[in-house]
Each structure stands twice: as C-alpha cells, then as structure tokens.
Amino acid sequence: MSFTAGGSVTDAGSGSNQEFLWGGYIAANLFWRIDRHWSAAASVQYQNLGTYEHVFSSRKAELDLSRS
C-alpha cells in the first residue's frame with residue numbers, strides 16, 4: 001500500500017475458520033414443444049448464501065454471497 005505523502009506500509013496475516021453457511025436455492029425450468037421437430041427450453045436459478053464475516057485479530061473480512 002502506498003500513500004501520496006511518499007510513505008508505504010507492508011502488512012501480512014493469516015487465519016482460518018470453519019462453519020456452515022445456511023442459504024437457499026431455487027430453480028425453474030420450462031420446456032415448449034413447438035411441433036414435431038422443434039422445441040425450446042428456458043431456465044432460471046437463484047441462490048442466496050447470505051454474508052460471511054470473520055475477524056482476524058483486529059481486522060474484519062466480509063464476503064457477500066447473497067447475490068451469488
């Protein structure tokens with residue numbers, strides 16, 4: 001990381017966490033038979049796993065999985 005005043009900062013760290021994220025998943029499929037030789041298909045999917053948060057020492061990490 002560099003600053004406009006000419007200084008720089010180096011930072012490093014590590015950590016781990018294991019937990020379940022609860023969420024939901026929904027899907028819909030549509031199929032149309034137009035005639036004997038032609039058909040069409042469409043599908044839509046939505047998944048929401050919420051937001052994952054974890055604190056490493058004094059720093060907080062947040063991952064937004066609500067629109068995945």
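Preceding block: the structure.
Bear in mind that the values here come from a model prediction, so they are computed numbers and not experimental data. (Residues numbered from 1 in each chain as written. Predicted model: local features only at pLDDT ≥ 70, side-chain atom pairs only at ≥ 80, totals over all residues. Heavy atoms only, no water.)

Draft legend 1. The arrangement of the environment of Ser66 in detail. Summarising the element assignment, Ser66 is placed in the segment after strand E4 (59–64). You can call Ser66 buried: its relative accessible area is 19%. Each C-alpha atom of the pair Ser66 and Tyr52 lies 9.4 Å from the other, and the pair is 14 residues apart in sequence. When sequence neighbours within four positions are dropped, the list of residues in contact with Ser66 reads Tyr46, Gln47, Asn48, Leu49 and Gly50. (Helix = DSSP H or I, 4+ residues; strand = E, 2+ residues; numbered from the N terminus. Buried < 20%, exposed > 50% of the residue type's maximum accessible area, 1.4 Å probe, protein only. Contact = heavy atoms within 4.5 Å.)

Draft legend 2. View of a nonpolar patch on the surface. Judged by side-chain polarity, Leu30, Trp32, Ile34 and Trp38 come together as a nonpolar surface patch covering roughly 510 Å² of accessible area. Considering the arrangement of structural elements, one finds Trp38 in the loop between strand E1 (24–33) and strand E2 (39–48). You can call Trp38 exposed: its relative accessible area is 59%. (Patch = residues over 30% accessible without salt bridge, like charges linked within 9 Å, V, L, I, M, F, W, Y side chains within 5 Å. Areas by Shrake-Rupley, 256 points an atom, 1.4 Å probe, with all protein chains shown as cover. Salt bridge = Lys/Arg side-chain N within 4 Å of Asp/Glu carboxyl O.)

Draft legend 3. Inspection of the environment of Ser16 at higher detail. Note on placement: Ser16 falls in the segment before E1. Look at Ser16 and you get exposed, because its relative accessible area is 66%. The sequence separation of Ser16 and Val55 amounts to 39 residues, and the corresponding C-alpha distance is 9.9 Å. Once you skip the residues sitting within four places of it in the chain, Ser16 turns out to touch His54 and Phe56.

Draft legend 4. Examining the side chain of His54 more closely. Of note, His54 is situated in strand E3 (residues 51–56). The contacts of His54, once residues within four sequence positions are left out, are Ser16, Asn17, Arg59, Lys60 and Ala61.

Draft legend 5. View of the pattern of salt bridges. Under the criterion given, the structure shown has one salt bridge. Lys60 serves as the salt-bridge partner of Glu53, at 3.8 Å between the closest nitrogen and oxygen. The exposure class assigned to Lys60 is exposed, which follows from its relative accessible area of 55%.

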